[in-house]
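In case you want the letters, here they are:
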Amino acid sequence: MDPFDAGAGSILRQPKAVWATAGASVVAFMGIGLVDPILPSIAQGLDATAGQVSLLFTSYFLITAFAMLVTGFVSSRIGGRRTLLAGLALVVVFAALAGTSGSVGELVGFRAGWGLGNALFVSTALAVIVGAAAGGSAAAILLYESALGLGMACGPLLGALLGDASWRYPFFGTAFLMAIGFLCITVFLKDQPRPARKISVLDPIKALGHGGLASAAASAFFYNYTFFTVLAFTPFVLNMTPYKSGAVFFAWGVLLAVFSVLVAPRLQERFGSLKVLGGSLVLLAVDVFVLGYGDHTTAIVCTILSGAFIGVNNTVYTELALGVSDAPRPVASAGYNFVRWFAAAAAPFFAPKIEEWTDIHVPFVVAAVTALLGAVVVVVRRKALTGEAEELQPQHATADGVTVFAD
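Residues numbered from 1 in each chain as written. Predicted model: local features only at pLDDT ≥ 70, side-chain atom pairs only at ≥ 80, totals over all residues. Heavy atoms only, no water.

> So what's going on with the overall build of the chain? Which residues, and what values?
Secondary structure summary: the chain contains 15 helices and zero strands in total. Counting all 407 residues of the chain, 59% fall into the buried class. Contacts in the chain between residues at least 24 apart in sequence constitute 87% of all its contacts with a sequence separation of at least 6. With an accessible surface of roughly 15,000 Å², the chain has 67% of that area assigned to carbon and sulfur atoms. (Helix = DSSP H or I, 4+ residues; strand = E, 2+ residues; numbered from the N terminus. Buried < 20%, exposed > 50% of the residue type's maximum accessible area, 1.4 Å probe, protein only. Contact = heavy atoms within 4.5 Å. Areas by Shrake-Rupley, 256 points an atom, 1.4 Å probe, with all protein chains shown as cover.)

> Before we move on, can you summarise the environment of Lys 244 with the specific residues and values?
Position of Lys 244 among the secondary structure elements: in helix 10 (residues 242-271). With relative accessibility at 51%, the residue Lys 244 sits in the exposed group. Sequence separation between Lys 244 and Leu 157 is 87 residues, and the spatial gap between their C-alpha atoms is 9.5 Å.

> Quick rundown of the nonpolar core? Include the residues and the values.
One finds Ile 42, Phe 61, Phe 121, Phe 171, Ile 185, Phe 228 and Trp 252 to be the most contacted residues of the largest nonpolar core, which totals 117 residues. Of the residues forming this core, the biggest block, 14 residues, is contributed by helix 9 (residues 211-238). For Phe 121, the residues in contact, after removing those within four places along its chain, are Thr 21, Ala 24, Ser 25, Ala 28, Leu 84, Gly 87, Leu 88 and Ile 185. (Core = buried A, V, L, I, M, F, W, Y, C linked by side-chain atoms within 4.5 Å.)

> Give a description of unusual backbone geometry that names residues and reports values.
For Asp 47, which is not glycine, the phi dihedral falls at a positive 55°. For Asp 47, the location among the structural elements is in the loop between helix 2 (39-45) and helix 3 (50-78). According to the relative accessible area criterion, Asp 47 is exposed, its value standing at 72%.

> Explain the side chain of Thr 174 residue by residue, including any values.
Relative to the helices and strands, Thr 174 is located in helix 7 (residues 169-188). Excluding residues that lie within four positions of it along the chain, Thr 174 makes contacts with Val 27, Leu 34, Ala 95 and Trp 114.

> Quick rundown of a nonpolar patch on the surface? Include the residues and the values.
The grouping of Leu 157, Leu 161, Tyr 243, Phe 250, Val 254, Val 258 and Leu 262 at the surface amounts to a nonpolar patch, some 540 Å² of accessible area in total. Here the nonpolar patch takes five residues from helix 10, the largest share from any one element. Among the secondary structure elements, Leu 161 is positioned in helix 6 (residues 137-163). (Patch = residues over 30% accessible without salt bridge, like charges linked within 9 Å, V, L, I, M, F, W, Y side chains within 5 Å. Salt bridge = Lys/Arg side-chain N within 4 Å of Asp/Glu carboxyl O.)

Next comes the structure, spelled out in structure tokens:
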């Protein structure tokens, strides 16, 4: 059945609560790529280096990684609705404060608080949408993934449009949009049933004792280093105006969304999850390597093209993480995200450092190598990853929302 069909099980026929949560999810995912087009402007405005400004990603994702251990703990005790509202409130406060920053240190600190709020929100949003949706979980999850893709695509565009006037405006704009999301969820979303079993902070760590889940997380760690080298370091290499940089990353985000939601499931049906993942990682490695050594036009094309491979990888990694072990999905997802987001924090820090120590090409060589290492883990650990995973039929599952990434 086509989930976009206008029938009862359609993705388009959902309660207001689902649309409110999905709309807030779009804005939450916009916050990840929002700063991309304005990184050079921030560096200029705050008299900071590329390495210092890249810490906006490092602080954000470092807090997100640790927050993965507590989001399940919190939501299983206070409920999904309150967790969403707490996350949104934190994002509103810290995004607004980020716009008032007088130094890069303040901005990095406020982004850390923003990361905590975003982790609380996105890790809970999928479960809330599935619980409140009409027509079953398939349409609900597809709606969530569509929100993820739309947010990743529109974040750089919003950053460019507002950031052309001042680098501060995208932060204020995000705070405003998230405040609207807070009001919509307050009005339209009712309290959600709490899980029968409360989740411990250590449950995600224990879940990583499963060989398949640990292998998926390790491979995703290497992949995410590549992903966030592209996202956080490439804007400095392209060195374009906010409008032009925003257009590049908007096109990148569109490819990410299309390949994540539409292309990856079809490839999995035909070739199987592990073959698709291994092949996509190798192609991403080639793309990133060419990006690092090509001329300016080639770098733009390769940046946009990387969105296709990233979209495929996000979908397959998430389904592996959620299907390879017998741990409850929220627990498996939290353990998996806890590992992989450390790479998202590391790449923005190390890429500028590597450039300082060597030259501008080497960070992309390192990123290409990490993508290949991710593929090597998939090949070497294929027996641990196979089990249920290789036989998985695409379910458009998303690992508690940051599949950024992932998703």
